[in-house]
Amino acid sequence: SRGFAVDLGGTKIAAARIEDGRIVQRHQADTDGKAGLDAQIAAMADLLAQLGYAPGDRLGVVVAGRVDAEGRWQAVNAATLPGIGGVPLLDRLRDRFGGDITVGNDAAAAALAEARLGAGKGVEHFAYLTVSTGVGGGVVLGDRLLASRNGLAGHVGFVSSPLGDDRCGSGRRGTVESTASGRAIAAAAGTADARAAFAADTDRARTAIDRSAAAVARLCADLTSIFGLDRVAIGGGVGLAEGYLPRVRAHLAAEPPLFRVEVVPASLGHDSALLGALLTDTDLS
Ligand code: BMX
């Protein structure tokens, strides 16, 4: 079977042609964070054209932000995608491309892909976290993705963190996202982006990265107490950066044994959301 997938995150937009569950061709560009719905769909169309997509082909689109049961798209962190404030993603995609289209959240799709094909195989109670521009995630219990009609379920980055008190783009204060995300790391490290913080050999950068890892470790323990998790997989540009996961594990080691969940890297790497975008047998929103 052949299909196409798009993954629009806060920093990059990727698209792939997928055959028999494998990515056979992939293209990527920078996300225009300020763009509205029409411009974001135009960016998707550019990448899809390069892949040989023809209207009517099967298409799965996953995005940062919440996607509700009607296929409307709204940034939860309005600072990441200020142009996306409750827009009819599924309807506009159907107008433009027609055919068989599904939509969902990027991290939720990645969670389902990791659960079925990657780091979550063989466990009943599983969560995936992406530490990237934001902190997203998905919880998969017995092969079912935790989902809600408003598309907010699984947005684990917006829970409170005792390690931060900064204002979050969601309007909350002191969230995991405002403490641990790539954006938060760059702000605390005083670097242009998170990548530069990892490259910088300064105490300030190391402190920012370590605070992020500590907040993510607490989140893993918190989610374990709620869902009885057997394993957590961590992905995203920050989550998969060298040295990050060992820091998460080091902080988790300070928790009592019951909350010390197994933490592993996302085994589908940066492609988990693309692969998950076509796993349509479970509703992602
Ligand atoms: C944020 C939120 C999630 C998203 C996650 C990872 C927005 C715009 N984003 O928590 O919906 O899944 O970031 O997104 O509200 P990424 O941009 O880091 O891939």
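Quick caveat: nothing in here was measured; it's all calculated off a predicted structure.

Caption draft 1: Looking closely at the overall build of the protein chain. Broken down by element type, the protein chain carries nine helices and 13 strands. Here the C-alpha radius of gyration of the protein chain, 18 Å, is about what a compact globule of 285 residues would show, namely 19 Å. The principal-axis extents of the C-alpha atoms in the protein chain amount to approximately 50 × 40 × 30 Å. Each of the 285 residues in the protein chain was classed as buried or not, and the buried ones make up 53%. For the protein chain, the proportion of contacts with a sequence separation of at least 24, taken over those separated by at least 6, is 63%. Carbon together with sulfur atoms contributes 48% to the accessible area of the protein chain, which is approximately 12,000 Å² in total. Each charge class in the protein chain was averaged separately, 29 positive and 32 negative side chains, and the resulting centres sit 2 Å apart.

Caption draft 2: Here's a closer look at the layout of surface pockets. Of the volumes computed, that of the largest pocket is approximately 1,200 Å³. If you trace the largest pocket, you find 48 residues lining it, with Thr 11, Ser 132, Thr 133, Gly 134 and Gly 237 closest to the centre. Broken down by secondary-structure element, the contributors of at least two residues to the lining of the largest pocket are β3 (22-30), α3 (106-117), β9 (125-131), β10 (135-141), α5 (182-189), α6 (194-199) and α9 (272-276). Among the residues forming the lining of the largest pocket, the class breakdown is 17 nonpolar, 22 polar and nine charged.

Caption draft 3: Layout of the packing of aromatic side chains. For the structure shown, the criterion picks out three aromatic pairs. With a centroid separation of 5.4 Å and 90° between ring planes, the pair formed by Tyr 53 and Phe 97 is classed as edge-to-face. Taken as a pair, Tyr 53 in the loop between α1 (37-50) and β4 (56-63) and Phe 97 in helix α2 (residues 89-97) lie far apart in primary sequence, 44 residues in all. Take Tyr 53: its relative accessible area is 10%, and that puts it in the buried class.

Caption draft 4: Broad picture of helix α7 (residues 203-227). Its 25 residues place the ends of α7 36 Å apart at the C-alpha level, agreeing with the 36 Å of an ideal helix rising 1.5 Å per residue. Gly 228 sits one or two positions beyond α7 and adopts a positive phi of about 60°.

Caption draft 5: Spatial organisation of the sheet that holds strand β5 (residues 66-67). Reading across from one edge, β5-β6-β7 is the order of the three strands in this open sheet, with antiparallel pairing throughout. Here the strands that pair on one side only, and so sit at the sheet edges, are β5 and β7 (85-88). Of the pairings in the sheet, the one linking strand β6 (residues 72-74) to β7 comprises three bridges and is antiparallel in character. Counterpart to Trp 73 in the pairing with β7 is Val 87. Each of β6 and β7 is contacted by α2, which is oriented at about 35° to β7, the strand it contacts most.

Caption draft 6: Local environment of the site of the ligand. Near the ligand, the surroundings consist of 20 residues, among which Gly 10, Gly 65, Val 76, Asp 106 and Glu 177 are the closest. Asn 105 places a side-chain nitrogen or oxygen 3.1 Å from an oxygen atom of the ligand. The contact in question runs from an oxygen atom of the ligand to an N or O atom on the backbone of Gly 134, over 2.9 Å. Expressed as a share of its isolated accessible area of 450 Å², the protein-covered part of the ligand is 96%. The cavity that encloses the ligand is the largest pocket. Within the residue set of the shell around the ligand, elements represented by two or more residues are α3 and β10. Of the residues belonging to the shell around the ligand, the class tally is seven nonpolar, 11 polar and two charged.

Caption draft 7: Highlighting the nonpolar core. Formed by 33 residues in total, the largest nonpolar core has its most connected members in Val 216, Cys 220, Val 232, Ile 234 and Val 263. For this core, the secondary structure elements donating two or more residues are β9, β10, α4 (176-180), α5, α6, α7, β12 (231-235) and α8 (244-252). In terms of residues, this core owes the most to one element, α7, which gives 11 residues. With residues near it in sequence (within four places) discarded, Cys 220 still touches Leu 129, Val 232, Ile 234, Leu 252, Val 261 and Val 263. One finds Phe 4, Tyr 53, Val 63 and Val 103 within the second-largest nonpolar core, a separate group that totals 29 residues.

Caption draft 8: Representation of the environment of Leu 141 within the structure. The residue Leu 141 is located in strand β10 in this model. Classification of Leu 141 as partly exposed rests on a relative accessible area of 30%. Linking Leu 141 and Leu 37, residues 104 residues apart in sequence, is a C-alpha distance of 33 Å. Setting aside anything within four residues of it in sequence, one finds Leu 141 in contact with Glu 124, His 125 and Phe 227.

Caption draft 9: A look at the confidence of the model for the protein chain. When the pLDDT values of the protein chain are averaged, the result is 96; 98% of them are 70 or greater. For this predicted complex, the interface confidence score (ipTM) comes to 0.99, while the overall pTM stands at 0.96.

Reading the values: rules and limits
- Residues numbered from 1 in each chain as written.
- Predicted model: local features only at pLDDT ≥ 70, side-chain atom pairs only at ≥ 80, totals over all residues.
- Heavy atoms only, no water.
- Helix = DSSP H or I, 4+ residues; strand = E, 2+ residues; numbered from the N terminus.
- Rg over C-alpha atoms; globule rule 2.2 N^0.38 Å.
- Buried < 20%, exposed > 50% of the residue type's maximum accessible area, 1.4 Å probe, protein only.
- Contact = heavy atoms within 4.5 Å.
- Areas by Shrake-Rupley, 256 points an atom, 1.4 Å probe, with all protein chains shown as cover.
- Lys, Arg positive; Asp, Glu negative; His and termini not counted.
- Charge placed at Lys NZ, Arg CZ, Asp CG, Glu CD.
- 1 Å grid on protein atoms, 1.4 Å probe; cavity = no way out; pocket = protein on both sides within 12 Å on 5 of 7 lines; lining within 4 Å.
- Points joined across faces, edges and corners; volume = space filled by probe spheres on them.
- Nonpolar A, V, L, I, M, F, W, Y, C, P; charged D, E, K, R; others polar.
- Phe/Tyr/Trp six-rings, centres within 6.5 Å; stacked < 30°, edge-to-face > 60°.
- Expected span 1.5 Å × (residues − 1).
- Pairing = 2+ DSSP bridges.
- Axes fitted to C-alpha atoms, helices over the stretch in contact; angles between N-to-C directions.
- Near = heavy atom within 4 Å.
- Polar contact = N/O pair within 3.5 Å; in protein donor to acceptor, adjacent residues only side chain to side chain.
- Sits in = over half its atoms within 2 Å of the grid points.
- Core = buried A, V, L, I, M, F, W, Y, C linked by side-chain atoms within 4.5 Å.
- pLDDT = per-residue confidence, 0-100.

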